[in-house]
Amino acid sequence: MEQTKVNTPRLFMCTAIENKDEIEERYERAYNFFQSLVADCSEKEAHDALNNAVCKNHEDVSLGMLMSILTEPHNATKCYRDLTLITRDGLNSVLNNLSTLILERYLKFQDMTRNQLLWLVKEMIRNAVTGVDSVCWNLMRYASGGDITPKNIILVESLLDIYIDNRMWLDKFPVLVCMVVYTYLRLIEDHNIPQLMALRQKEVNFVIALIREHFNEVLTLGRDLVRLLQNVARIPEFNQLWQDILMNPKSLSPTFTNVMQLLQIRTSRRYLQSRLTPDMERKLVFLTSQVRFGHHKKYQEWFQRQYLATPESQSLRSDMIRFIVGVIHPTNELLCSDIIPRWAVIGWLLTTCTSNVAASNAKLALFYDWLFYDPEKDNIMNIEPAILVMHHSMRSHPAVTATLLDFLCRVIPNFYPPFADKVKQGIFNSLQQIIEKRVLPNLQPLFDSPKLDRELRTTVRETFKEFCSNGNGEGVSGIRDEGNDDIPRGGPDEPAFSDDEDDMLPTIAEDTDDDDLPLSEVRARERPELAAAMPLLLRPFAETLLDERSSTAATALLNACSSPMPTATALADLFAATLQEAPPLHINRNPTPAELDTVMNSPIFSMFNYLVGSNDSNEAKRKLVLETFKEIYAQSSVHSVGYCLLFYLKVCYERERRAEKDPVKKRNVKFKVEVYKEYCSFLELKLAESLADDFERCQECDANVLVWLIPDVYREFKDQVQNHIRLLHIIVSTLDAGQLQRLVCLTLQGNLMMFKSDDITTMLSTSLGWETFEQYCLWQLLTAHEISVEDVLPIIPKLSYKDHAEALTSVLLMLKQERPTADVVRQMFCRTVDDEDTFVVSTVMYWCQDYEDKVADLLAVLLSTRYPGTSPNKRKRPGKHNIPPNAPPSAELVLGHLEQIRVCCVEQDDMSIFNMECLQKALQQSQSNSSDSLKRQYGDLFSLAWEDELPISRRARKMVSNSLPMNPNLHSSNEDSEEEEIVKPKQAKRRKKAISDSD
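Residues numbered from 1 in each chain as written. Predicted model: local features only at pLDDT ≥ 70, side-chain atom pairs only at ≥ 80, totals over all residues. Heavy atoms only, no water.

Draft legend 1. Focus on the pattern of salt bridges. The full count for this structure, using the stated rule, is 47 salt bridges. The closest approach of N and O atoms between Glu-384 and Arg-342, which form a salt bridge, is 2.9 Å. Highlighted residues: Glu-384 in helix α24 (residues 384-396) and Arg-342 in helix α22 (residues 342-351), separated in sequence by 42 residues. As far as burial versus exposure is concerned, Glu-384 and Arg-342 are alike and both buried. One connected set of salt bridges, linked through shared partners, spans Arg-223, Asp-224, Arg-227, Arg-266, Arg-322, Asp-369 and Asp-378. (Salt bridge = Lys/Arg side-chain N within 4 Å of Asp/Glu carboxyl O. Helix = DSSP H or I, 4+ residues; strand = E, 2+ residues; numbered from the N terminus. Buried < 20%, exposed > 50% of the residue type's maximum accessible area, 1.4 Å probe, protein only.)

Structure follows, in structure tokens:
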């Protein structure tokens, strides 16, 4: 075995400083295990050993044999044969692990491992193994575009040969056929050097055959198929295919009408993703989801060195742009954060491109979804990056904006002249959608920028004249443009700068490269555009608000709003830009009035003032504020409005209470709950869900604010929030120990009521999947609210001793404070019997310390009523009354738990509970009516019922000596339930006396 470990082959290439990772160690352990089974064995012995081992450890045997195939070519044929013979899942686990290896470790494979992998895939295809097509899909992702290194060419050609040799197999998988066509169409573009002409011709012949024979399937590739076919249109075979597509479409498929049918289908994201290797994909996803704007240059430089350093890699930029545009769609939270946005990454890819052809293809890749955009079918996220690249590049890289606008104007007549009107309509649809979705508030500053040369501006105006003025008919300066666009902005005799001179004006802010600035500074440069969307009189107020970001500036702006009123959209954009840069809401655990006044200086709180007042003169502004909030909600630009409104109402409530000196009037101060309800109603939000959403966002902002709001929210919205599962989970997932203590204290003071007994079972069942501390917080709060044990009884049988330790421990401590009743005992005995589960034993043994007579009687009743046909009448009555028929435990369950109790009593040398007369009779009755199998299974338990004399335990002697003071404690109250009066203490006392006499 030691020799085997030393000679374990290596799957991966490692440098001297790299340690083995978990995957490699796992495969080596599996390989060593496999070798230990077959070493020094004959073929028959090895086969028998593998069959025996695979029944117990299928995964390790399969992985060991897989590693042997990948690292030992001389044993591969025999090992693969044995693997197919012993597999129990049709090689499914092998295929899954193989796909994982390819996606995560292919680039680290030894050359021998890569060759063996191709051999294994070929063998699996030859044997028609189910699922091998997914392995082919993952492997093709490493056939990278823009890479003509020997290793990549070997992979490309090897896969091509496999598909050619197994064409009948390939034809059975339409999705894989599309993947093969898409992949090799992209690769043919790069194989244009003399050394690769033979390979290219083989690829061309194969792809042409696939397209013509599977044209209906290939149609599903959509518009990006046309893009790739354009790149290879000069090759004669593809030129002929183009002729058929354009002139004779029916020859390809009876259902194919024209190329527009292809262009109107959006290409699936899986194909756009497939043209990047998994390693590239991970890096780009990391760049666009983790790296902050302003700190991204070192990552981009590394990426450039790794993937874009060679001349042939320039064609890869189109694949990356299509991936970013079509696959990476960030969430609203990410869009509002300072993570590097998609437009910045695309701008970097465009500005670092060194090939004119690659640059043209990259621009087409960026605008491709614009050309035939349909708002009903396409996604706004596919056209958003292009407009933002142009918008943000205007300041620091105006040449990028100029070349993109020029491309956009030229592509309309030149993409395909017969479809020029359709291309123009698609681009117009895109621009209209951009304005409607508020990606940009106004296109005028972009299309009429003085940084564009005169000729380009004229072309843009002519092409997009519908978008060259804002909604008020005003240009970017706010002066209404009613004359000829070419007339200078000054008077006819006044001097004016030419466009060329405008370009030369030395403005430091404009010359600063945005790449070196944080995203907040980039956004700050957009202030003139935000202010320009406001009416002329309000623009100074808007600029002041953007500068100061204070409540005073916001109040001044809103007070100045009069006819003409600003639009809700313009106001929403302005306040969203202001609030995105404002510090988050934050308070201490016990905020002082001065601290609250400081926090309330945020602009958003000045807007709430117009919701609280009831002055008729402010009704128009009140409606404007509500419409502004609705627009902000629709844009998802600011997520703090809801909980900030709750915070504002809480602060107002506390201020009014502090200002009121009369204790009676202070108690009568009302929390203005109707304001929040009106806000939800206007935004068409469900009240309970809105509160939960706001608490979730508040949790992400500041836990102290959330805890501070809890008492008032649960008091004012009790019908909506009590027992609200999602809201409760948000709260307990936020609390620390100090905050939990505060809520418990508020509950004990009577100032917080978070639960109601109705339907508490559903909430408890849902909470079983929460984290440990979250569940402990929940049970602490439940205990503080004095939730009765009857409310938790239904979940006792469902709790798993291993998986629900938190809930089970809490229930156990609740039962510790209760007296035993028939309902509780019945639910406990409905639990599955498990040797490791000591819940029932622990509860019963604890109760026996004070209520042994009562526990024995309850157990006797429970056991006797499992045999209703033979139970004596005096046992039937309490059984019917105390054990309702809602799923009572079976006789076997009761006996199982009693057996566990017996074992515990034996270990403690204390059998007093089984000495009780009632339990003795119940055991006798149970034994006489049980099956032979139960009698054998519980023989030790039943043997207790036939002993005439039993030794008096320590507890029995204690009970005899202390019987007088003990009985009054057990039965002194007339208010005890009927279950607690079944057995009189005197019966147990007589039993003990009789035993003593016999001794």
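That covers the picture; the talk isn't over yet.
Draft legend 2. Expanded view of the nonpolar core. Residues Phe-238, Trp-370 and Phe-464 are the most contacted members of the largest nonpolar core, which totals 167 residues. The dominant element in this core, judged by the number of residues it contributes, is helix α11 (residues 174-188), at 11 residues. For Trp-370, the contacting residues outside a window of four places in its chain are Ile-383, Ala-386, Ile-387, Met-390, Leu-408, Gly-426, Ile-427, Ser-430, Leu-431 and Ile-434. In terms of nonpolar packing, the next biggest core, distinct from the first, is built from 149 residues, Ala-554, Tyr-648, Ile-760 and Ala-891 among them. (Core = buried A, V, L, I, M, F, W, Y, C linked by side-chain atoms within 4.5 Å. Contact = heavy atoms within 4.5 Å.)

Draft legend 3. Focus on unusual backbone geometry. Even without being a glycine, Glu-786 presents a positive backbone phi close to 55 degrees. Take Glu-786: it is sitting in the loop between α48 (772-784) and α49 (789-792). A positive phi angle is found at Asp-909, which is not glycine, with a value near 55 degrees. Mapped onto the elements, Asp-909 comes out in the loop between α54 (891-907) and α55 (917-929). Overall, the relative accessible area of 53% leaves Asp-909 in the exposed class.

Draft legend 4. Summary view of helix α41 (residues 673-682). For α41, the complete set of buried residues consists of Val-673, Val-675, Tyr-676, Tyr-679 and Cys-680. Buried residues in α41, looked at end-on, bunch into an arc of 165 degrees, giving them a common side. In the core, the buried residues of α41 are packed alongside α37 (603-612), α38 (619-635), α39 (641-659), α42 (687-701) and α43 (703-716). Just past α41, the residue Glu-684 takes up positive phi, approximately 60 degrees. (Arc of directions from axis to C-beta.)

Draft legend 5. Looking closely at the side chain of Glu-852. Structurally, the position occupied by Glu-852 is in helix α52 (residues 839-864). Taking the relative accessible area as the measure of exposure, Glu-852 reaches 0% and is therefore buried.

Draft legend 6. Looking closely at the packing of helix α6 (residues 92-105) against helix α7 (residues 111-126). Taken N-terminus to C-terminus, the directions of α6 and α7 make an angle of 145 degrees; their axes are 13 Å apart at the nearest point. Two packed elements cross with a definite hand, and for α6 against α7 that hand is left-handed. Counting all contacts with α6, which are made through Val-94, Leu-95, Leu-98 and Ile-102, the residues of α7 involved are Leu-117, Leu-120 and Met-124. Of the residues in the contact of α6 with α7, the class split is seven nonpolar, no polar and no charged. (Axes fitted to C-alpha atoms, helices over the stretch in contact; angles between N-to-C directions. Left-handed = near helix turned anticlockwise from the far one by under 90°. Nonpolar A, V, L, I, M, F, W, Y, C, P; charged D, E, K, R; others polar.)

Draft legend 7. Layout of the side chain of Asp-712. With respect to the helices and strands, Asp-712 occurs in helix α43. Among the residues examined, Asp-712 registers a relative accessible area of 3% and is labelled buried. Among the polar contacts listed, one links the side chain of Asp-712 to the side chain of Lys-650, at a separation of 2.3 Å. Among all residues touching Asp-712, those that are not within four sequence positions of it are Lys-650, Tyr-653 and Phe-671. (Polar contact = N/O pair within 3.5 Å; in protein donor to acceptor, adjacent residues only side chain to side chain.)

Draft legend 8. A look at the confidence of the model for the protein chain. For the protein chain, the average pLDDT comes to 81, and 85% of its residues sit at 70 or higher. Of the regions scoring below 50 in pLDDT, residues 869-885 engages in 33 contacts with residues more than four places distant in sequence or in other chains. A low-confidence stretch, residues 947-999 stays under pLDDT 50, and its non-local contacts, those more than four residues away or across chains, total 71 contacts. (pLDDT = per-residue confidence, 0-100.)

Draft legend 9. Structural detail: the packing of helix α5 (residues 73-86) against α7. Look at α5 against α7: their axes get within 11 Å of each other, and the N-to-C directions meet at 25 degrees. As far as their axial angle goes, α7 and α5 are roughly parallel. For the pair α5 and α7, the sense of crossing is right-handed. Within the contact between the two elements, α5 uses Pro-73, Ala-76, Thr-77 and Tyr-80 and α7 uses Met-112, Gln-116, Trp-119, Leu-120, Glu-123 and Met-124. (Parallel < 35°, antiparallel > 145°, perpendicular 65-115°, else oblique.)

Draft legend 10. Spotlight on the state of the cysteines. Scanning the model with the defined rule gives zero disulfides in all. Unpaired in this structure, Cys-644 has its nearest cysteine sulfur neighbour in Cys-701, at a distance of 7.1 Å. Exposure remark for Cys-644: the relative accessible area of 5% places this residue in the buried category. Cys-698 takes part in no disulfide bond, and the closest cysteine sulfur to it belongs to Cys-701, at a distance of 6.2 Å. Given the relative accessible area of 1%, Cys-698 is considered buried. (Disulfide = S-S within 2.5 Å.)

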